[in-house]
Amino acid sequence: MSRSAHPAGPRHADVMPEGHYSPPAADLNVLDEKVWARTVHRNADGVAVVGGIEVTRLAEEFGTPAYFLDEEDFRARCRAWALAFGKDADVFYAGKAFLSKAVVKWLGEEGLNLDVCSGGELATALAASMPAARIALHGNNKSVAEITRAIEAGVGRIVLDSFQEIARVAHIARELGVRQPVQIRVTVGVEAHTHEFIATAHEDQKFGIAVGDGSAAEAVRRTLGHDSLELLGLHSHIGSQIFDMAGFEVSAKRVVRLLAAVRDEHGVELPEIDLGGGLGIAYTSTDDPAEPHDIAKALHEIVARECESSGLRAPRISVEPGRAIVGPTAFTLYEVGTIKPLEGLRTYVSVDGGMSDNIRTALYDAEYSIALVSRTSDAAPMLVRVVGKHCESGDIVVKDAFLPADLAPGDLLAVPATGAYCRSMASNYNHALRPPVVAVRDGEARVIVRRETEEDLLRLDLG
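Computed from a prediction, not measured in an experiment: that's the story for all the values here. (Residues numbered from 1 in each chain as written. Predicted model: local features only at pLDDT ≥ 70, side-chain atom pairs only at ≥ 80, totals over all residues. Heavy atoms only, no water.)

## Some thoughts on the pattern of salt bridges
No. 1: One pass over the structure, following the stated rule, counts 29 salt bridges.
No. 2: Ionic pairing is found between Lys-297 and Glu-301, a salt bridge with its closest N-O pair at 2.7 Å. Linking Lys-297 with Glu-301, this pair stays in helix α9 (residues 292-310), spanning 4 residues, or about one helical turn.
No. 3: Its salt-bridge partner being Asp-365, residue Lys-399 comes within 3.6 Å of it at the nearest N-O pair. Note that Lys-399 is positioned in strand β18 (residues 396-404) and Asp-365 in the loop between α11 (360-364) and β16 (371-372), a separation of 34 residues in sequence. (Salt bridge = Lys/Arg side-chain N within 4 Å of Asp/Glu carboxyl O. Helix = DSSP H or I, 4+ residues; strand = E, 2+ residues; numbered from the N terminus.)

Here it is as structure tokens:
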């Protein structure tokens, strides 16, 4: 895979031809630390271990499919982002990647803020006692109820996404007697090298207010005209699963240019700039994500350089890593059910989960790694397609992978880097029960989101 062809699904980059797959690893038993959570390794018996517990024990206690989250890895990544950006910047964890009350508590303990984009995410944050001042409310079509609850709770910022929303938030804040801090989300015309559905800064999409046609400048005028709104700054998010910093440089240039125009027109230097998130992670061994300190250094230098050329004081930077924190910290554990060889093509390996617990392969043509984790094997590699149990031919977990030829029903397979967007986008398709999320740390495992039951499904069905 080329560096610019992302696991989210290549859009503009060099795309490998249909049917292309990388050759098998020299040793299928090796768990590449680039794609696995930090405490994952094999013990002397060849069984994969996370947080000091063998996956075989985890499967016996919690069943499969299930998501297992390395809590120490999650916390370490939070600390790395906070340290990289320092006290003169703000790190907001993007809750849409994965959110639970336990995660909210970890964020609070590790000093990160939280970005939410729905009433449900806000409710989760408040239920777990995240200080409202450390919460940002995002989204392109916030309801009156969501805005009202956010302002009443005292959220630290609301990101405005349209002219209607400027008026709506201003009206609600005025009615509540609050001067609400806000940012304006702008689209800067940058087409990030990523899948069409997760590229968010080109102008033909639903997010933000365009810079190029003057709409963003008009949004600033309208926002400054409302006494019930306090304009903190501008927000730009160019997409997801991005490895190349060039898009951020173009985005920063255009946002800083708008900051200078605001100063010239209104005599106001807005104090903040939010560059969003979207930095990529390693889903396969060929991916090469940057480290937080390198990202922080690059973004600070880009903004400082552009502000200096425009005669502006450098604003406070905010970033919103979600996938980059939680994505690498979890894996999904499956049990092999059936194995179906197709002569001259490949072998289909069916597991007990599928698109209901990971829709990303079907939705984005996402690429993942996979490994046999309940034992090691010296058998020759065989080309497989790992599929789920749903009634869709597109129900694919891993499109092309090599697994040992002696793979058998009952073996445990694990897909790493499933901490982001897998549980968040999980569904009840075919009335599947959504898997649990189990946090593992220092030899202890605890359920932080329980497995759904048939009673849960039937409770919603009123007949």
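## Looking at the confidence of the model for the chain
No. 1: The predicted model of the chain has a mean per-residue pLDDT of 92, with 93% of residues at 70 or higher.
No. 2: Residue range residues 193-202 is modelled with pLDDT below 50. Its contacts to residues more than four positions away, or to other chains, number 47 contacts. (pLDDT = per-residue confidence, 0-100. Contact = heavy atoms within 4.5 Å.)

## Observations concerning the packing of helix α5 (residues 144-153) against helix α6 (residues 163-176)
No. 1: For the pair α5 and α6, the least separation of the axes is 10 Å and the interaxial angle reads 45°. One finds that α5 runs oblique with respect to α6. When the axes of α5 and α6 are compared, the crossing they make is right-handed. Along the contact surface, α5 presents Val-144, Ile-147, Thr-148, Ile-151 and Glu-152, while α6 presents Arg-168, Val-169, Ile-172, Ala-173 and Leu-176.
No. 2: Its residues assigned to classes, the contact of α5 with α6 shows 7 nonpolar, 1 polar and 2 charged. (Axes fitted to C-alpha atoms, helices over the stretch in contact; angles between N-to-C directions. Parallel < 35°, antiparallel > 145°, perpendicular 65-115°, else oblique. Left-handed = near helix turned anticlockwise from the far one by under 90°. Nonpolar A, V, L, I, M, F, W, Y, C, P; charged D, E, K, R; others polar.)

## Quick notes on the environment of Thr-338
No. 1: With respect to the helices, strands and loops of the structure, Thr-338 is situated in strand β14 (residues 330-342).
No. 2: For Thr-338, a relative accessible area of 45% gives the class partly exposed.
No. 3: Residues Thr-338 and Ala-408 lie 70 residues apart in sequence; the distance between their C-alpha atoms is 8.0 Å.
No. 4: Excluding residues that lie within four positions of it along the chain, Thr-338 makes contacts with Tyr-348, Val-349 and Ser-350. (Buried < 20%, exposed > 50% of the residue type's maximum accessible area, 1.4 Å probe, protein only.)

## Thoughts on the packing of aromatic side chains
No. 1: In the structure shown here, the tally under the stated rule is 7 aromatic pairs.
No. 2: Geometrically, the ring pair formed by Phe-62 and Phe-68 is edge-to-face, given 6.2 Å between the ring centres and 65° between the ring planes. In terms of burial, Phe-62 and Phe-68 fall into one category: buried.
No. 3: Seen from their ring centres, Phe-68 and Phe-331 are 5.9 Å apart, and the 40° between their planes marks the pair as tilted. Taken together, the residues Phe-68 in strand β4 (residues 66-70) and Phe-331 in strand β14 connect sequence positions 263 residues apart. (Phe/Tyr/Trp six-rings, centres within 6.5 Å; stacked < 30°, edge-to-face > 60°.)

## Let's talk about helix α3 (residues 101-110)
In an α-helix, one turn spans 3.6 residues, which is why side chains three or four residues apart end up on the same side.
No. 1: Along α3, the positions that sit buried rather than exposed are Ala-102, Val-103, Val-104, Trp-106, Leu-107 and Glu-110.
No. 2: Among the residues trailing α3, Gly-111 stands out with phi positive, at a value near 85°.

## Observations regarding the pairing of strand β11 (residues 229-235)
No. 1: The buried fraction of β11 is high, at 6 of 7 residues.
No. 2: Bridging between strand β9 (residues 180-187) and β11 involves 6 bridges; their strand directions are parallel. Counted as the bridge partner of Val-182 is Leu-231 from β11.
No. 3: In the sheet, β11 pairs with strand β12 (residues 272-274) via 3 bridges, with the strands oriented parallel. Residue pairing in the sheet places His-235 in a bridge with Asp-274 of β12. (Pairing = 2+ DSSP bridges.)

## Examining the state of the cysteines
No. 1: Applying the stated criterion across every chain, the model contains 0 disulfides.
No. 2: Free of any disulfide, Cys-117 has its nearest cysteine sulfur in Cys-422, 16 Å distant. (Disulfide = S-S within 2.5 Å.)

## Here we look at the nonpolar core
No. 1: The biggest cluster of nonpolar side chains holds 107 residues, and the ones touching the most others in it are Phe-74, Tyr-93 and Ile-158.
No. 2: In terms of residue count, the dominant contributor to this core is helix α8 (residues 246-266) (8 residues). (Core = buried A, V, L, I, M, F, W, Y, C linked by side-chain atoms within 4.5 Å.)

## Thoughts on the pairing of strand β15 (residues 346-351)
No. 1: Counting buried residues along β15, 5 of its 6 residues qualify, which places the element largely inside the surrounding structure.
No. 2: Note: β14 against β15, 6 bridges, orientation antiparallel. Its bridge partner being in β15, Pro-341 is matched across the sheet by Thr-347.
No. 3: Taking the residues between adjacent antiparallel strands as the criterion, β14 and β15 are bridged by 3 residues, where Gly-344 takes a positive phi near 80°.

## Points about α9
No. 1: In this model, α9 (19 residues) spans 27 Å end to end at C-alpha, consistent with the 27 Å of a helix rising 1.5 Å per residue.
No. 2: Buried within α9 are the following residues: Pro-292, Ile-295, Ala-296, Leu-299, Ile-302, Val-303, Glu-306 and Cys-307. Down the axis of α9, the sector holding all buried residues measures 135°, keeping them to one side. Opposite the packed face of α9, turned more than 90 degrees from it, sit the exposed residues Lys-297, Glu-308 and Ser-309.
No. 3: Two residues or fewer after α9 comes Gly-311, characterised by a positive phi angle close to 70°. (Expected span 1.5 Å × (residues − 1). Arc of directions from axis to C-beta.)

## A short note on the side chain of Gln-241
No. 1: Tracing the backbone shows Gln-241 in the loop between β11 and α8.
No. 2: For Gln-241, a relative accessible area of 0% puts it in the buried group.
No. 3: Within polar-contact distance, the side chain of Gln-241 engages the backbone oxygen of Ile-281 at 2.9 Å. (Polar contact = N/O pair within 3.5 Å; in protein donor to acceptor, adjacent residues only side chain to side chain.)

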